[in-house]
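# Close look at the chain arrangement
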Amino acid sequence: MLDIKKYAPMGWNSWDCYGAGVTEETVRKNAEFMSKNLLKYGWEYIVVDIQWAGPEAKTHEYIPFQELTMDEYGRLLPAENRFPSAAGGKGFKELADYVHSLGLKFGIHIMRGIPRRAVNLNLPVFGTSYTAKEIAEPNNVCEWNPDMYGLNPKHEGAKAYYDSIFALYKSWGVDFIKLDDICREMPRLADELELISDSLHSCGRDMVFSISPGPAVLEYSEFYKKNADMWRITDDFWDKWELLYAMFERAEKWSIHTGAGNWPDADMLPIGPILQDYDKANRTKFTEDEQITMMSLWSIFRSPLMIGGEMTGFDDFTMKLITNKEILKMHKNARHAHQVWRRKEDGGEHILWAAANAEGGYYAALFNAGELESEICLMLSEMEIYSSDVRVTELWNNEIKGIDMIEGDPAVYLKLKPHGAAVLDLREL
């Protein structure tokens, strides 16, 4: 198991493929696939995304005001028609135990606040004399999902409610929490985030704490570091080139905050079969070169890597994309990654990222953000390497690159396809 203080989390999340309608059967088969095929490469989290308490949820479309399943204290429970092992109030305990038996870790998505149904019924807050109406703020509602009311962080009953849900998640064996409708709401919801963070971190079980959606507020970088393990730097990321293109600027701004248990999150990898709730034929619209660009940027930047597609439908290319040992090693070993330059040249746009390698040497990731195939010249002096006595290996194809001399300076030439990338491992001999 990876130490998230050293390495960014790697796993699978049900959202890109199944939206709010994922079922226990789907979670189990993806967990089995990961355990058999991907665990040895470091992939280990299985995360159930939004509205798992909704009996009617079937697609990416939210069903407003559906009767969410919950206990007598207003704490959400998995809908039993979608998660049969939750019958009898067992929650996610049996599913989490099964995921753990495969050598993996289990996670869930939650919304901030308390179910509005709990407020309408004025249910008691576990272990207190307070009620849901006393701690809720009915005017504090998520703008894109109406399931919950926010809580008044100044009311001690709010802390008691959050303590009670994390005690429940601890009893289930949850290892990962994705908290939604809070990350970009700074400073408005800073007090509530601090309250939730305290409840999670004092519950007695280690859980990765991920907050969404983005874009995160750059001025609150230190606040995020104090209260969360990973935070979204973008709104939902999908298989559109314009969103991938925009990620270069986002990653550049956040790169100085990556590492040592702090993971700015570029969001899930929409690869393989996605949007299966709309059409089983749907697959990522990213080209193979765009997927290589995405995986290269996420890995040198050290974003968390969360697969979004239906893993049992991965083809050979997708499997090679996510099991390249040297790229995944860079995801663990890159240090102080940053954009070196971004140039418009020869009618295109080229980008260079660099990082130190914790095992020695350097990484260089070169990107062709233009619309035409083009040749890029990397002067090794741009990596502060001034000798030709260096071994240069391209990590996607394991090819040793030749060194050219330009006016006495060593250089490497690369030909990249449109929206393509190359990643170099540079070792001075």
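Fair warning: this is a prediction, and the values are worked out from it, not measured in the lab. (Residues numbered from 1 in each chain as written. Predicted model: local features only at pLDDT ≥ 70, side-chain atom pairs only at ≥ 80, totals over all residues. Heavy atoms only, no water.)

## Looking at the sheet that holds strand E19 (residues 409-416)
Note the threshold: When DSSP finds two or more bridges between two strands, those strands count as paired. In this description a helix means any DSSP run of H or I spanning at least four residues, a strand means any run of E spanning at least two, and both kinds are numbered starting from the N terminus. Axis definition: a line fit to C-alpha positions, over the contact stretch in the case of helices; interaxial angles, taken between N-to-C directions, run 0 to 180 degrees.
Read across the open sheet, the three strands follow the order E15-E19-E18; overall the sheet is antiparallel. Here the strands that pair on one side only, and so sit at the sheet edges, are strand E15 (374-379) and strand E18 (404-406). Across this sheet, the average inter-strand angle for adjacent strands is 45°, counted without regard to direction. Relative to E19, E15 runs antiparallel, the two being bridged by six bridges. Paired with Ile376 across the two strands is Leu414, which belongs to E19.

## Structural notes on the packing of aromatic side chains
So the rule is basically this: Working definition: a ring pair exists when centres of Phe, Tyr or Trp rings (six-membered ring for Trp) sit within 6.5 Å. Plane angles under 30 degrees give stacked, over 60 give edge-to-face, the rest tilted. Partly exposed describes any residue whose relative accessible area lies between the buried limit of under 20% and the exposed limit of over 50%, with all areas from a 1.4 Å probe on protein chains only and scaled to the type maximum. Ring-over charges, as used throughout, are those where CZ of Arg or NZ of Lys falls within 6 Å of the ring centre and within 35 degrees of the ring normal.
Tallied over the entire structure, the rule returns 22 aromatic pairs. Ring centres of Phe83 and Phe92 lie 5.2 Å apart, and the angle between their planes is 85°; this geometry places the pair in the edge-to-face category. Ring plane angle 90° and centroid distance 5.6 Å describe the contact between Phe166 and Tyr169, whose orientation is recorded as edge-to-face. In this pair, Phe166 and Tyr169 are both assigned in helix H6 (residues 156-172), three residues apart and thus about one turn of the helix distant. No difference in accessibility class separates Phe166 from Tyr169, as the two residues are buried. Site record: aromatic cluster; members linked through ring pairs are Trp52, Phe83, Phe92, Phe106, Phe166, Tyr169 and Trp172. Seen from the ring of Tyr98, Arg28 lies directly overhead, with NZ or CZ sitting 4.5 Å from the centre. Above the face of the Tyr245 ring, Arg342 is positioned so that its terminal group lies 4.9 Å from the ring centre.

## Quick word on the sheet that holds strand E5 (residues 136-137)
Read from one edge of the open sheet, three strands run E4-E6-E5, paired in antiparallel fashion. The sheet terminates laterally at strand E4 (114-115) and E5, the two strands that pair on one side only. Taken together, the two bridges between E4 and strand E6 (residues 148-151) define a ladder with antiparallel strand orientation. The residue bridging Ile114 from the neighbouring strand is Tyr149, located in E6.

## Points about helix H3 (residues 93-101)
For clarity, the cut-off: Within this analysis, the arc is defined by the directions that extend from the helix axis to the C-beta atoms. The criterion used for residue contact is that any of the two residues' heavy atoms lie within 4.5 Å.
Regarding H3, the residues found buried are Leu95, Ala96 and Val99. Along the long axis of H3, the arc covered by the buried residues comes to 100°, so they all point the same way. The inward-facing, buried residues of H3 abut helix H2 (24-37), strand E2 (45-48), strand E3 (105-111) and H6. Downstream of H3 by a residue or two, Gly103 has a phi angle that is positive, lying close to 85°.

## Quick notes on the state of the cysteines
The test is simple: Here, a disulfide means two cysteine sulfur atoms that sit within 2.5 Å of each other.
Under the defined criterion, the tally for this structure stands at zero disulfides. The thiol of Cys142 is unpaired, and the distance to the nearest cysteine sulfur, on Cys183, comes to 13 Å. Accessibility expressed as a relative area gives 9% for Cys142, which makes it buried. Exposure remark for Cys183: the relative accessible area of 0% places this residue in the buried category.

## Section: the nonpolar core
Selection criterion: Buried residues of nine kinds, namely Ala, Val, Leu, Ile, Met, Phe, Trp, Tyr and Cys, make up a nonpolar core once their side-chain atoms join them within 4.5 Å.
Residues Trp43, Tyr169 and Trp353 are the most contacted members of the largest nonpolar core, which totals 137 residues. When residues of this core are assigned to their parent elements, the largest contribution, nine residues, is made by H6. If you look at the next biggest cluster of nonpolar residues, it comprises 18 residues, including Trp341, Ile376, Val392 and Leu414.

## Description of the pattern of salt bridges
Heads up, the condition is: Criterion for a salt bridge: a side-chain nitrogen of Lys or Arg within 4 Å of a carboxyl oxygen of Asp or Glu.
Per the counting criterion, the structure on display carries 27 salt bridges. Of the charged contacts in the structure, one is a salt bridge between Glu24 and Arg28, with a shortest N-O distance of 2.9 Å. Taken as a pair, Glu24 and Arg28 lie in helix H2 at a separation of four residues, close to a single helical turn. Since its relative accessible area comes to 6%, Glu24 is described here as buried. Arg28 gets classed as partly exposed once you look at its relative accessible area, which sits at 23%. Measuring nitrogen to oxygen at the nearest pair gives 3.5 Å for the salt bridge that ties Asp267 to Arg232. With Asp267 in the loop between strand E10 (263-265) and helix H10 (288-301) and Arg232 in strand E9 (residues 230-232), this residue pair connects regions lying 35 residues apart in the sequence. Each member of the pair, Asp267 together with Arg232, is buried.

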